[in-house]
Amino acid sequence: KEKVQASSQKMGHDPAPGKAKVLLVELVSQVSEKLAMEDGEQKFEARMKRWAEFKLDDLKKATLYEDFKEVDILRMMDDRMDRLINVGAMMEHGLLTSYFPLHTPSALEPLKERWVSLKPRGILQWPGGQHDTKVREYFGEEVAFFFTWLNRFNVALILPSAFALIFLLRWLLLNSSWVRTIEVSFSLMMCCWIAHFTADYVQFSNYQSLYWGMNVFSKHVHELPGWSPEAEDRVKVSLIRAMHWVAVFLFIAEACCFAGGSSKFRSFLAQSAKDIHEHDLLASPGPKTGLQASQLHTIDTMLKYSVTINIKLSVFLWSIISPKFAAMECRRTEQEKKDSQVLKNFVVMSFVYYYPFIYLAFIMPHVEGCDPVDRNGNGLFESNSCIQSIKANLLLTFIIHLGTVVVMMCFQLASKWWAERSERRCMEKSGRGSNKYTDVEDQSKRQAYEGDTAYYLELMIQLGLVTMFSSILPSVTIIALVSNLIEVRVIAWKLIHICRRPAPLGQEGIGAWVYVMQFLCCLSAVTSVGLVIFVKEPCKSEWGLADSYKCTMFIIAEHLMLMVVFFVASLTPPISGHTTLIMRQHTIARAKLLGSVRRHIDVQKGTIGPFASDQSVSEGGWEEFPSVFVPPELVPRTLTLTAGIQS
């Protein structure tokens, strides 16, 4: 009603409801007359005529609209307040302590039944999209897209996990040569698997964005406070962005130095033990250090796991430093700011995580050497101690990751309990008011939702480890699947019971993480081929190949593998035929509604032309442009011009 009346005032008409009704009925009747000449439009014409019998109170009941959901109302409220006040600045200066939407108990009940269940039945439920729509309607598209990606990741892991489970029986059924063949085949299969998974999710994401109305979200998002073209061109902003990249390379250098220093010290301890001519690596005291064999073994074990501990410390420090740089980079939109930080985070974390494994596989055998493993013992199909270290670090990485998620959830739960307990005791001592918490007070003591970047980062690193080193430890796919099934329920439980309700942010797909997945496809292909040729037998030593011949084989095989990966990815187009059909039907319907209706368009005299939009039209200042065709891409703004109704 307000839009129609405002448009009436803009055009110089009486803003009374009767006049507004006449304007709308005139528009609808003209469009209906045009559509009546088209075959197969009788049903639509009937709907338009029903709408033309216009009463302002009937807008809520019109079949052309659907009701606003709670997440839509929250988003509109946040948008309206954001136009008037800068909430971030108010919180920074202490005028606000917190700003968040409240949980709605009635809307949470359907999600609590199965989505957040930590019981075995809830953890082992099918990781499909049965909860996606409910999650989107309550938390918004940003949270919903994260869970759709994680669920589809879990579904995709089922097939390689089944193969890996069968592969675990190799000790009883197969000899050494068959085991090697299966390991190589499994590694190449995982390269094709990640290519298909990436392409399939891109296609699904495009459809889901269309289904949720997010396919044009990035074009209409609001600019961040403080952004302007002039501010973005300042030298200070350029220096801050450059310093952010300098910090990236400093963290990379630290990872290299730590991994190299740890390996050299372990080699020193090993050499100390060998100097007294013992066959076992750490069996006796080292003459250079004066340590006993048990102490040498303890130090070596600590150094072995120190690489993983350094990874976690680097992740923690980077999570503190990087957001501070990102906040000063003056990005135009929240999505641009997030994507910029995502790329830098992944560069740092991927190097911090992957470098130790790559060093153990490709560099350490040539620099420090790897001791052969007794093939008559438990390591029947092992080749050397470097591969054993890779396996140990892979297992430890997944265990620490899942443990960190659970421990952080318990820590946040304990922090909330302690804050409530302290405040209750303070109220009891002072004798002021009741110590019973209201629902609003309870939610104010919860932790703020930290966003999905940290979750994506850990899971993308996990995805790379699964695909790059599956030939060394095929069972890593089973470990990843079990870990993810537990983690998805833990994160969901945390969102509802521990965190404040996040702002219902819109988002078109998963943003820059798609490029990360595509990079992992190429990295997995190169790494897998390198492991087969330089690390795994028989190419490593049994065939007696020269290093130059191995390098030639690697270059050829790596190019062939990349071609296979690109071919597999191309089999799944980014936009499916179903999505294309929907978009085509939307275009046709829009053109029939407005785009191909040739009629007079009146604009103010002296304005820029017939295709201008949102023109200011006043009484007495009219100029006519007869028979102007309105192209479909200008339809939403042309609606504002001709009838005062936003599409």
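The rules we used
- Residues numbered from 1 in each chain as written.
- Predicted model: local features only at pLDDT ≥ 70, side-chain atom pairs only at ≥ 80, totals over all residues.
- Heavy atoms only, no water.
- Helix = DSSP H or I, 4+ residues; strand = E, 2+ residues; numbered from the N terminus.
- Buried < 20%, exposed > 50% of the residue type's maximum accessible area, 1.4 Å probe, protein only.
- Areas by Shrake-Rupley, 256 points an atom, 1.4 Å probe, with all protein chains shown as cover.
- Core = buried A, V, L, I, M, F, W, Y, C linked by side-chain atoms within 4.5 Å.
- Contact = heavy atoms within 4.5 Å.
- Phe/Tyr/Trp six-rings, centres within 6.5 Å; stacked < 30°, edge-to-face > 60°.
- Polar contact = N/O pair within 3.5 Å; in protein donor to acceptor, adjacent residues only side chain to side chain.

Asks: Which residues make up the overall build of the chain, and what values do they have?
Replies: Within the chain, the regular secondary structure consists of 24 helices and two strands. Residues counted as buried form 43% of the 647 residues belonging to the chain. Taken as a whole, the chain presents about 34500 Å² of accessible surface, with 62% of it coming from carbon and sulfur.

Asks: Give me the lowdown on the nonpolar core, citing residues and values where you can.
Replies: Membership of the largest hydrophobic core comes to 101 residues, with the highest contact counts inside it found for Trp 115, Phe 139, Phe 147, Trp 149, Phe 469 and Ile 510. Among the elements that line this core, the one with the most residues is helix α16 (residues 334-367), at 13 residues. Those residues in contact with Trp 149 that sit more than four places away from it in its chain are Phe 197, Tyr 201, Tyr 456, Leu 459, Met 460, Ile 510 and Met 517.

Asks: Quick rundown of the packing of aromatic side chains? Include the residues and the values.
Replies: This model, assessed by the stated rule, comprises 23 aromatic pairs. Relative to Tyr 211, the ring of Tyr 207 lies with its centre 6.1 Å away and its plane at 15°, an arrangement referred to as stacked. Of the two residues, Tyr 207 and Tyr 211 are both situated in helix α11 (residues 176-211); the distance of four residues between them amounts to about one turn of the helix. You can call Tyr 211 exposed: its relative accessible area is 52%. Aromatic side chains Tyr 355 and Tyr 359 sit 6.0 Å apart centroid to centroid with 40° between the ring planes, which places their arrangement in the tilted category. Separated by four residues within a single helix, Tyr 355 and Tyr 359 lie in helix α16, roughly one turn from each other. For Tyr 355, a relative accessible area of 16% corresponds to the buried category.

Asks: For the side chain of Gln 507, give the residues involved together with the corresponding values.
Replies: Along the polypeptide, Gln 507 turns up in the loop between α20 (476-497) and α21 (513-535). We classify Gln 507 as buried; its relative accessible area is 2%. At a separation of 3.0 Å, a polar atom in the side chain of Gln 507 contacts the side chain of Lys 338. Polar side-chain contacts of Gln 507 include one of 2.7 Å to the backbone oxygen of Gly 509. Setting aside anything within four residues of it in sequence, one finds Gln 507 in contact with Glu 141, Glu 142, Phe 145, Met 214, Phe 217, Gln 335 and Lys 338.

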